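# Summary of structural features
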Amino acid sequence: MVQVKVHRISSVTDPSTGLPAKQIELVEVRQRVSSGQVYGMGAEEGRLVQTMVTQRPGMGLMTQVSDTAYPKITMVLT
């Protein structure tokens, strides 16, 4: 089963009729895996790695990455 959420709703013009319409973009919702599970570590080691990763952007070592959207479907409703 795939879960989706509304990513964006915008006003557009329907290309086939020229009438006003709403465009609704749906994206896939993915659960995040903790760092410890990714690297095969225990809970304590996973928390340590997560702390180090979250502190790196504040030190200027890497740019902060926003949530990634996985496009699933775009609907245009007239």
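Preceding block: the structure.
Below or above, wherever it landed, is the structure these notes cover. (Residues numbered from 1 in each chain as written. Predicted model: local features only at pLDDT ≥ 70, side-chain atom pairs only at ≥ 80, totals over all residues. Heavy atoms only, no water.)

### Quick word on a nonpolar patch on the surface
Operational definition: Like-charged residues within 9 Å of one another, or nonpolar side chains (Val, Leu, Ile, Met, Phe, Trp, Tyr) within 5 Å, are grouped into patches, provided each residue has over 30% relative accessible area and no salt bridge. To measure how exposed things are, a 1.4 Å probe is used in the Shrake-Rupley method; for residues, cover is taken only from the protein chains shown. We define a salt bridge as a contact between a side-chain nitrogen of Lys or Arg and a carboxyl oxygen of Asp or Glu at a distance within 4 Å. Think of it this way: any DSSP run of H or I at least four residues long counts as a helix, any run of E at least two long counts as a strand, and we number them from the N terminus. Burial classification: accessible surface area is computed with a 1.4 Å probe over protein chains only, and a residue below 20% of its type maximum counts as buried, one above 50% as exposed, and the rest as partly exposed.
Together, I73, M75 and L77 make up an exposed nonpolar region whose accessible area comes to about 240 Å². Note on placement: L77 falls in strand 3 (residues 70–77). According to the relative accessible area criterion, L77 is partly exposed, its value standing at 44%.

### A short note on the sheet that holds strand 1 (residues 4–13)
What counts, and what does not: For two strands to be treated as a pair, DSSP must find no fewer than two bridges joining them. Whenever a helix is involved, its axis is fitted only over the stretch in contact; in every case the axis is a line through C-alpha atoms, and angles between N-to-C directions fall within 0 to 180 degrees.
Reading across the sheet, the 3 strands line up as 1-2-3 and stay open at both edges, with antiparallel pairing between neighbours. A single partner strand is all that each edge strand has here, and the edge strands are strand 1 and strand 3. Taking each pair of neighbouring strands and ignoring which way they run, the sheet shows an average axis angle of 20°. In terms of strand pairing, strand 1 meets strand 2 (residues 20–28) through 9 bridges, oriented antiparallel.

### Re the pattern of salt bridges
Any two side chains of opposite charge can pair, so long as their charged atoms come close to each other. Tallied over the full model, the rule gives 2 salt bridges. With a closest N to O distance of 3.2 Å, R8 and E25 form a salt bridge. Residue R8 is found in strand 1, and its partner E25 is found in strand 2; the two are separated by 17 residues along the sequence. Residue class for R8 comes out partly exposed when judged on its relative accessible area of 42%.

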